[in-house]
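# Fold and contact review
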Amino acid sequence: QVQLVESGGGSVQAGGSLGLSCAASGRTFSSRVMGWFRQAPGKEREFVAAITWSGGNTLYAGSVKGRFTISRDNAKLTVNLQMNSLKPEDTAVYYCAAQTVRSGPWTLKSSYDYWGQGTQVTVSS
């Protein structure tokens, strides 16, 4: 089992910045990839960014590339998402996810075994 707890959500005006953090605990050694997804009201949960624990390889959705930065702290077992130049369309509940037993493209929800409870990000215009 892997437990994931997100923090750092909130409200900000367009153009502002927010940082999210995901604290992992449990059988974290079994996780290979950590991802961030988001879900806006009435929409499907979509991929935002992902990173490997080992080499720090990253992948971003086109809509956030250049504005968001994913990073990890192996010692603290945290994965962070720094979000800059936020837009109203970034408003969503953001979820942290861990890929352990499952495999597959990092961009797919089905590739992840464990999920956090989510944290709300609201960007006003």
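Residues numbered from 1 in each chain as written. Predicted model: local features only at pLDDT ≥ 70, side-chain atom pairs only at ≥ 80, totals over all residues. Heavy atoms only, no water.

## So, the overall build of the protein chain
Cut-off, in case you're wondering: Helix and strand definitions here come from DSSP, where helices need a minimum of 4 consecutive H or I residues and strands a minimum of 2 consecutive E residues; each element is numbered from the N-terminal end. With C-alpha atoms as the basis for the radius of gyration, the globule rule is written as 2.2 Å multiplied by the number of residues raised to the power 0.38. Buried, partly exposed and exposed residues are distinguished by accessible area as a fraction of the type maximum, computed with a 1.4 Å probe on protein chains only: under 20%, between the cut-offs, and over 50%, respectively. In this tally, Lys and Arg are treated as positive and Asp and Glu as negative; His is ignored, and so are the chain termini. Taken as the charge location is NZ of Lys, CZ of Arg, CG of Asp or CD of Glu.
For the protein chain, the helix and strand inventory stands at 0 helices and 11 strands. N-terminal to C-terminal, the α/β element order of the protein chain is β-β-β-β-β-β-β-β-β-β-β. For the protein chain, whose C-alpha radius of gyration is 13 Å, the value lies close to the compact-globule estimate of 14 Å for 125 residues. Its C-alpha atoms give the protein chain principal-axis dimensions of about 40 × 30 × 25 Å. The buried share of the protein chain, taken over its 125 residues, is 42%. For the protein chain, the centre of its 12 positive side-chain charges and the centre of its 7 negative side-chain charges are spaced 4 Å apart.

## Overview of the sheet that holds strand β1 (residues 2–7)
Across a sheet, paired strands are connected by hydrogen bonds in the backbone, their directions being either parallel or antiparallel. Under the convention used in this document: Any two strands are treated as partners once DSSP identifies two or more bridges connecting them. As a rule, the C-alpha atoms of each element are fitted with a line to give its axis, helices using only the stretch in contact, and angles between N-to-C directions run from 0 to 180 degrees.
The antiparallel open sheet is built from 4 strands, whose spatial order is β1-β3-β8-β7. Looking at strand neighbours, the two that pair on one side only are β1 and β7 (68–73), the edges of this open sheet. Within the sheet, the average angular offset between the axes of one strand and its neighbour, ignoring direction, is 15°. In this structure, β1 lies alongside strand β3 (residues 18–26), joined through 6 bridges in antiparallel fashion. In the sheet register, V2 faces β3, and the bridge partner there is G26.

## Points about the packing of aromatic side chains
Cut-off, in case you're wondering: We call Phe, Tyr and Trp rings a pair once their centres come within 6.5 Å, taking the six-membered ring for Trp, and we label the pair stacked below 30 degrees between planes, edge-to-face above 60, and tilted otherwise.
For the structure shown, the criterion picks out 4 aromatic pairs. Between F37 and Y112, the ring centres sit 5.2 Å apart and the planes meet at 80°, which makes this aromatic pair edge-to-face. Of this pair, F37 sits in strand β4 (residues 33–39) while Y112 sits in the loop between β9 (92–99) and β10 (114–115), and the two are 75 residues apart along the sequence. Residues F37 and Y112 agree in their burial class; the two are buried. The rings of F37, F47, Y112 and W115 are connected pair by pair, giving a single aromatic cluster.

## As for the state of the cysteines
Heads up, the rule is: Cysteine sulfur atoms are paired as a disulfide whenever they fall within 2.5 Å.
Using the criterion set out here, one finds 1 disulfide in the structure. In this model, C22 is linked to C96 through a disulfide, with the two sulfur atoms separated by 2.1 Å. Handedness of the C22-C96 disulfide follows from its S-S torsion of about -80°: it is left-handed. Residue C22 is located in strand β3, and its partner C96 is located in strand β9; the two are separated by 74 residues in the primary sequence. Assigned by exposure class, C22 and C96 land together as buried.

## Digging into the pattern of salt bridges
The condition that has to hold: Counted as salt bridges are all cases of a side-chain nitrogen of Lys or Arg within 4 Å of a carboxyl oxygen of Asp or Glu.
Summed over all chains, the structure comprises 4 salt bridges. In this structure, R38 engages E46 in a salt bridge whose closest nitrogen and oxygen atoms are separated by 2.7 Å. When its relative accessible area of 5% is taken as the criterion, R38 is described as buried. Linked through salt bridges whose partners overlap, the residues forming this network are R38, E46, R67 and D90.

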